[in-house]
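Understanding the architecture of this molecule
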Amino acid sequence: MQNLPKKLYDWFDERYQITGFKDFFAKKTVPVHKHFVWYYFGGITLFFFCVQVVTGILLLFYYKPSAAEAFESVKFIMNKVEFGWLIRSVHSWSANLMIFSAFVHLFSNFFLKSYRRPRELTWITGAFLFFIALGLGFTGYLLPWNELSFFATKVGTQIAGSVPFVGHYLRTILRGGEEISDATLTRFFAFHVMILPLVAAAFLGIHLLMVQLQGMSEPLSVVKNPNKRPMKFFPNFLLRDLFVWLLLFAGLLTLSVMFPWELGKKADAFAPTPAGIKPEWYFLWMFETLKIIPSKILSFDGEVLGILGFGVAGMALVIIPFIDIWSRKEKRNPLFSIIGIFAIIFILFMTCMSYFGPQK
Amino acid sequence: MYKKKIAVFIIVFILFFAVESGAETIDNCIICHKSQEGLLKEPADNIEHDVHFKRGLSCFDCHGGDQTKEDLIEAMDPAKGFIGKPKRNDIPHFCARCHADPAYMRRFNPNIQTDQFAKYNESQHGKLNAQGDQKVAVCISCHDVHGVRQKDDPLSPVFITNIPKRCASCHADKEYMKDYFLPTDQMEQYEQSVHGEALLKKGDRGAPACNSCHGSHDAALPRAISVGNVCAQCHSLTRDLFAKSPHKAAHDNLGIPECEACHGNHKIMRTSDDMLGTAGDGLCVKCHKVDSKGYSVAGSMRSAIETLKTGIKESQDVVANAENMGMDVSDAKFDLDNAKSSLIKSRTYVHSFSKDKVGEITKEGIGISDKAKEKGRKAVSEFNFRRKGFAVAIVIILFLACALYLKIRRMEKS
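Let me sum up the structure you'll find in this document. (Residues numbered from 1 in each chain as written. Chains lettered and ligands numbered in written order. Predicted model: local features only at pLDDT ≥ 70, side-chain atom pairs only at ≥ 80, totals over all residues. Heavy atoms only, no water.)

Description of the overall build of chain B
Per the secondary structure count, chain B includes 23 helices and 0 strands. In terms of overall size, chain B is more extended than a compact globule, its C-alpha atoms giving a radius of gyration of 36 Å where 414 residues would be expected to give roughly 22 Å. Viewed in the frame of its principal axes, chain B has a C-alpha envelope of about 125 × 85 × 35 Å. Across the 414 residues that make up chain B, the buried fraction comes to 30%. Considering only contacts within chain B whose residues lie at least 6 apart along the sequence, 55% involve residues at least 24 apart. For chain B, the accessible surface area stands at approximately 26100 Å², while carbon and sulfur atoms represent 59% of it. (Helix = DSSP H or I, 4+ residues; strand = E, 2+ residues; numbered from the N terminus. Rg over C-alpha atoms; globule rule 2.2 N^0.38 Å. Buried < 20%, exposed > 50% of the residue type's maximum accessible area, 1.4 Å probe, protein only. Contact = heavy atoms within 4.5 Å. Areas by Shrake-Rupley, 256 points an atom, 1.4 Å probe, with all protein chains shown as cover.)

This is the structure we're talking about:
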């Protein structure tokens, strides 16, 4: 019996050459430097993603994706299903925390210029994963079919309808018709539980594979430092990751129990739009920007220009490894860092404006 | 030649319609009265809003004469049926020429009532009018004249919310009513009543006005024998219970009006449980002596209702406490609503004057209320379980985190 683990190992090794993996992980290291802390955020985002997958699957057992039953089924989950209230609350809190940590992960890698050669693909897949996370948030928000989510989705899809040339088609595709209806709910459900998770899994697979194969990027400021102290990935960094995840799990439980996510009132398509309807916090800066853009700029529609601006910014974010010509040559240049700082200030300012500014 | 024929045809066509339409609009009664002052001008000014006028009738349809004649003598020629202003006592008959004629009225509305005149003749107003009383109400006293609006027009004086005011214009006038030996405080009392509050303050059109109890065209004083039937128009279940109770025979024998004996008439106030029972404001002791069966039943019914109220209050407190903790108590609230329905039902069944029946309903209500309380308690214990479970989970997680931290430190030191 004592030889059973070894026998099992040998059995697998003979077939799948796991010694190769073992050796690879044994040799894999993580650079240690003053910006080391930002390395945790990839793992944190992954942790929240895993929580989302698990709690999402549990919610799927009871959730009914139809306008007539969605709200009642979520209410049933919260009130009748054992620990249903906890699962739903954890799912909602974790979704928000995942997007927050994705923001931090994205910007920290942006400032550390982790997208430098040869990690272009890691960056691009990461940028797409960020957009997918936003998409998951947008589609998941409607699923409880409550008043707030219904009208926020109405506003959100209305904005999508302003995209030049394809706006009308995009809005119709998103809504499954001209208005938010049962068809919108079912396709948002399909996007939320099948299409986006599948795409996310594919991108995440590539992203993680690249991180493992190429290792963590070192910032330009420390790349030539001769006194570097690399840390072994396994078990040292992985155990540190696990430690952070445990603390986050405790925090997530605390939030979910102390501040359970409310369900609100059931959506009524015929009711007037309630005052102060806003999208989720991570879309607020865009929402506020579109609100303050003048309706006409020269002879162009202000909202269309705003949406085009966001589109261009998103595209630029994806292809930044190819735009930042200095970092491609491993040279330091503050231009992109200044742009990044400006972007963060802009996002924070616009978000604060939406919460604390004058309400129109 | 062909073009000339067309031109002539068009001219003849236009002239024909010009003459036709002109003939329709000429009404010398209105033209002439508009040019007058004061009382003579008033009919012409008001007639635009008049329901008769809107249906195509005009002055001559009621007053006769020839509206096409500009000359006064010709227009108001008795030979052409001119009857002028009818005498006050003749007004009901004057209006009834059309309104009591089903064949004529069917032209305007096949469902319209045509029995107003017959009813009026049976009413107290009609009887006095027949005796030549010059002050008693006739049609125009309530409906106005020259500017008569339909009763469902909110500006009509007989629109449901305007009726009390219209009746009070005579019945609350002490000077006007002094010859009739009737009280004149009905409006004042009605305004304070639960019915008056609903109709006049809240605009609840389902609430009764004067005519709901006294009738309209057949307005009369309800006698003791019929008061119960009057109230039963709305409070049918209560009245049914009363009619089957021992009180019915007692009231009939003693000539005491049914509902009015306890609830009053014009000043019917919102009921309270204090009206039931033998203590304080209890009305039962007005008739039932101490140690009588009725005295005992009154006390029992009140006691049963108070027990249910206490039960509901206790359950509400427990459920509210659970709700304040953030727990979902919609099921418990549903039960509480049902318990409150039982309370309302038991109050209605007081009119059966059966302590067994009231006791049965309150017992059922207490059972439902207890269910709500139990659900509230479960929600509170679920809340406590969550808190405890949370605390245990956090301790375990933090313990693991500490252990992991120590492991990492030891590992990195070595």
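Notes on the overall build of chain A
Helix and strand counts for chain A come out as 16 helices and 4 strands. The globule rule puts the C-alpha radius of gyration for 360 residues at 21 Å, and the 23 Å found for chain A is close to it. Seen along its three principal axes, the alpha-carbon backbone of chain A occupies a region of about 65 × 60 × 35 Å. The contacts of chain A with a sequence gap of at least 6 include a subset with a gap of at least 24, amounting to 77%. Surface exposure of chain A reaches about 19700 Å², of which carbon and sulfur atoms provide 72%. Both charge centroids of chain A, one from 34 positive and one from 22 negative side chains, sit 9 Å from each other. (Lys, Arg positive; Asp, Glu negative; His and termini not counted. Charge placed at Lys NZ, Arg CZ, Asp CG, Glu CD.)

A look at the pattern of salt bridges
Evaluated as defined, the whole model comprises 34 salt bridges over all chains. A salt bridge links B:Asp331 to A:Lys80; its shortest N-O distance comes to 2.5 Å. Within this pair, whereas B:Asp331 is found in helix α22 (residues 330-349), its partner A:Lys80 is found in the loop between α4 (70-79) and α5 (84-111), the two belonging to separate chains. The exposure class of B:Asp331 is partly exposed, given its relative accessible area of 36%. Its relative accessible area of 47% is what places A:Lys80 among the partly exposed residues. Of the charged contacts in the structure, one is a salt bridge between B:Glu258 and B:Lys248, with a shortest N-O distance of 2.6 Å. (Salt bridge = Lys/Arg side-chain N within 4 Å of Asp/Glu carboxyl O.)

So, the packing of α5(A) against helix α11 (residues 233-258) of chain A
Residue and element names in this part refer to chain A. Across the interface, α5 lies against α11 with an axial gap of 9 Å and an inter-helix angle of 120°. Compared by their axis directions, α5 and α11 come out oblique. Relative to α11, α5 is oriented so that their crossing is right-handed. For the pair formed by α5 and α11, the contact residues are Trp85, Leu86, Ser89, Val90, Trp93, Ser94 and Leu97 on the first element and Leu252, Leu253, Leu255, Ser256 and Val257 on the second. Residue composition of the contact of α5 with α11, by class: 9 nonpolar, 3 polar and no charged. (Axes fitted to C-alpha atoms, helices over the stretch in contact; angles between N-to-C directions. Parallel < 35°, antiparallel > 145°, perpendicular 65-115°, else oblique. Left-handed = near helix turned anticlockwise from the far one by under 90°. Nonpolar A, V, L, I, M, F, W, Y, C, P; charged D, E, K, R; others polar.)

Digging into the interface of chain B and chain A
The interface of chain B with chain A comprises 20 residues on the first partner and 21 residues on the second. Of the roughly 1700 Å² buried at the junction of chain B and chain A (both faces included), carbon and sulfur atoms supply 75%. In this assembly, chain B and chain A are joined by 2 salt bridges. Our enumeration of links across chain B and chain A arrives at 3 residue pairs in polar contact (both at pLDDT 80 or more). Among the secondary structure elements, those contributing two or more residues to the side of chain B that touches chain A are α22 and α23 (355-413) of chain B. Counting residues per element, the side of chain B that touches chain A draws most heavily on α23(B), which supplies 17 residues. (Buried area = accessible area lost by both parts, 1.4 Å probe. Polar contact = N/O pair within 3.5 Å; in protein donor to acceptor, adjacent residues only side chain to side chain.)

Description of helix α13 (residues 302-318) of chain A
All names here are of chain A. An ideal rise of 1.5 Å per residue puts 24 Å on 17 residues; α13 measures up with 25 Å between its terminal C-alpha atoms. Among the residues of α13, Gly302, Gly306, Ile307, Phe310, Gly314, Leu317 and Val318 are the ones counted as buried. The buried residues of α13 occupy an angular sector of 165° when projected down its axis, which confines them to one face. Set apart from the buried face of α13 by more than 90 degrees, the exposed residues are Val312 and Met315. (Expected span 1.5 Å × (residues − 1). Arc of directions from axis to C-beta.)

Focus on the packing of helix α18 (residues 236-244) of chain B against helix α19 (residues 246-254) of chain B
Residue and element names in this part refer to chain B. For the pair α18 and α19, interaxial distance at closest approach is 4 Å and the crossing angle is 80°. By the angle between their axes, α18 is roughly perpendicular relative to α19. On the side of α18, the interface is formed by Arg239, Phe242, Ala243 and Lys244, while α19 contributes Pro246, His247, Lys248 and His251.

Some words on the nonpolar core
A:Val30, A:Phe36, A:Phe103, A:Trp123, A:Phe237, A:Leu253 and A:Trp285 are the most contacted members of the largest nonpolar core, which has 68 residues in total. A total of 12 residues in this core trace back to one element, the largest contributor, which is α5(A). Apart from the residues lying within four places of it in its own chain, the contact partners of A:Phe36 are A:Val30, A:Pro31, A:Met231, A:Phe237 and A:Arg240. Among the nonpolar cores identified, the runner-up in size contains 27 residues, and B:Ile312, B:Val350, B:Val380 and B:Phe383 belong to it. (Core = buried A, V, L, I, M, F, W, Y, C linked by side-chain atoms within 4.5 Å.)

Some words on unusual backbone geometry
Residue and element names in this part refer to chain A. Residue proline 118 follows arginine 117 across a cis peptide bond; omega there is 10°. Within the fold, proline 118 resides in the loop between α5 and α6 (120-142). In the Ramachandran plot, lysine 113 falls in the positive-phi region, its phi being about 55° despite a non-glycine side chain. For lysine 113, a relative accessible area of 7% corresponds to the buried category.

Side note on the state of the cysteines
Residues and elements named next belong to chain B. Using the criterion set out here, one finds 0 disulfides over all chains in the structure. Free of any disulfide, cysteine 213 has its nearest cysteine sulfur in cysteine 231, 6.2 Å distant. There is no disulfide at cysteine 259, and the cysteine sulfur nearest it, in cysteine 231, is 3.7 Å away. What makes cysteine 259 partly exposed here is its relative accessible area of 22%. (Disulfide = S-S within 2.5 Å.)

Describing the environment of A:Ile132
Residues and elements named next belong to chain A. Note that isoleucine 132 resides in helix α6. The exposure class assigned to isoleucine 132 is buried, which follows from its relative accessible area of 8%. The spacing of isoleucine 132 and leucine 263 is 131 residues in sequence and 24 Å in space, taken between C-alpha atoms. Those residues in contact with isoleucine 132 that lie beyond four places of it in its chain are Leu196, Val199, Ala200 and Phe203.

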